Amino acid sequence: MNVPNSQSLLTARLVKAIRSICGPGVVPLHEPRFAGEEWNYLKDCLDSTFVSSVGQYVDRFEAELAQYTGAKYAVAVTNGTAALHAALLLAGVRPNDEVLMPSLTFVATANAVSYCSATPHFADSTEQTLGLDPSALREYLISIAEQRDGQCINIATGRVIRAMVPMHAFGHPVEIEALLAVARDFNIALVEDAAESLGSTISGQHTGTFGLLGTLSFNGNKTITTGGGGAILTNNADLARRAKHLTMTAKLPHRWNYMHDEIGYNYRMPNLNAALGCAQLRQLPGFIEAKRRLFDRYNAALVEISGARLFKEPPRCRSNYWLQTLLLDEAVAGARDEILAATNDAGLMTRPAWELMHRLAPYRNCPRMGLAVAESLERRLINLPSSAQLGLDRAA
Ligand SMILES: *Cc1c(COP(=O)(O)O)cnc(C)c1O
């Protein structure tokens, strides 16, 4: 007779616990919810005939985003990757520059840097936030960089380290104040990739509003969706004006002339998408409440299971809990794929972290520091079904 080993026991317990929270049937990782004014706003938008890059919903969505996040300005664009691309250009990233970022991120962060003909430079994460580790980054920069004419130079490559892009992984805020201090001390611009953290705050201040610029995503799997969409946040009036200009083909305002004063981008969010966004934004506080309740439910079900724990928001931070994150102990990290298989076989759509950027073919040869923590997190991390629906009080 086979005695079940500790890994398959752990797997069976996790499947049971996750199922007890998610209820019956196939449970997606994250699905959108359209329970508000979506149909009304979309119909109104169609009736107006302003479905494209001009219209009242784009202006309204931007104003409401600014109000919700506390950013002075919000510029709505076609997706989060475009938002990052434009934000990096506005932060001064030029061909041949280097841009610091976590290796534990979605590929969009690295791709946006490549679109600027710059090179990603990968830094390690901390287990406390799942994002960039400020003290390890500081130590690293002291050893590999020097200041020349007010610029941070990578001594080994001779290139300028122009910017850093912390990313609030799965909605959990990074240690932003300490990263801002590193950025300031080394003359590096800070752009926040807040694609996953709409609604997440640090000491009450919204993620994406700490750096020079911040970016959001409204892709279908994010906390709220516009179908596809993104936004650039900034408190700087000049940067906001330039963000709008750059993302609207750099056209100079005129009643009939087509005059463009630089190479711009067609990144403006269409009015149709913004109409959906306005409807979604009204439900955002409810979504976040539901997702935080879902954390409590998972946590209660998982707390008894040794070998795994649910990632909890860092101190002083409020997470939107976009994706619930299970971390296995290092001793049972070998069970990750078995748990992924068993949960997905059972219709519970879990998934591992992204393949680390420094292991992807296009980014394999990029500069990087030691990435031991990111590599450990990647071995042990599993995202659980996280839709807002799952945290709503089940009526009938
Ligand atoms: C979703 C996401 C983006 C942007 O994605 P789009 O699909 O282009 O909107 C960027 N960075 C991270 C970390 C993301 O998760």
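Residues numbered from 1 in each chain as written. Predicted model: local features only at pLDDT ≥ 70, side-chain atom pairs only at ≥ 80, totals over all residues. Heavy atoms only, no water.

A.B. asks: Residue-level account of the nonpolar core, with values.
C.D. replies: In terms of nonpolar packing, the biggest core is built from 58 residues, with Leu88, Leu137, Leu141 and Met164 touching the most fellow members. For this core, the leading source of residues is helix α4 (residues 80–90), giving eight residues. Split by domain, the residues of this core number at least three in each of domain 1 (3–32 + 283–392) and domain 2 (38–280). In this structure, Tyr41, Cys45, Ala194 and Leu216 belong to the second largest nonpolar core, which totals 28 residues. (Core = buried A, V, L, I, M, F, W, Y, C linked by side-chain atoms within 4.5 Å. Buried < 20%, exposed > 50% of the residue type's maximum accessible area, 1.4 Å probe, protein only. Helix = DSSP H or I, 4+ residues; strand = E, 2+ residues; numbered from the N terminus. Domains from an automatic or database assignment.)

A.B. asks: Account for empty space enclosed by the protein, with residues named and values stated.
C.D. replies: If you roll a probe as big as a water molecule over the atoms, it shows you where there is empty space left. Considering all chains together, one arrives at one cavity of 30 Å³ or more under this definition. Surrounding the largest cavity, His30, Glu31, Pro32, Arg33, Lys222, Thr223, Ile224, Thr225, Gln280, Phe287, Lys291 and Ala388 form its lining. Its residues assigned to classes, the lining of the largest cavity shows four nonpolar, four polar and four charged. Shared between two domains, the lining of the largest cavity holds at least three residues of each, these being domain 1 (3–32 + 283–392) and domain 2 (38–280). (1 Å grid on protein atoms, 1.4 Å probe; cavity = no way out; pocket = protein on both sides within 12 Å on 5 of 7 lines; lining within 4 Å. Points joined across faces, edges and corners; volume = space filled by probe spheres on them. Nonpolar A, V, L, I, M, F, W, Y, C, P; charged D, E, K, R; others polar.)

A.B. asks: Lay out the sheet that holds strand β15 (residues 351–352) in plain terms, naming residues and giving numbers.
C.D. replies: Taken in spatial order, the four strands make up an open sheet running β12-β14-β16-β15, and their pairing is antiparallel. The outermost strands of the open sheet, each flanked by one partner alone, are β12 (308–310) and β15. Two elements, β15 and strand β16 (residues 381–384), share two bridges in a ladder whose sense is antiparallel. Bridging across to β16, Arg351 finds its partner in Asn383. (Pairing = 2+ DSSP bridges.)

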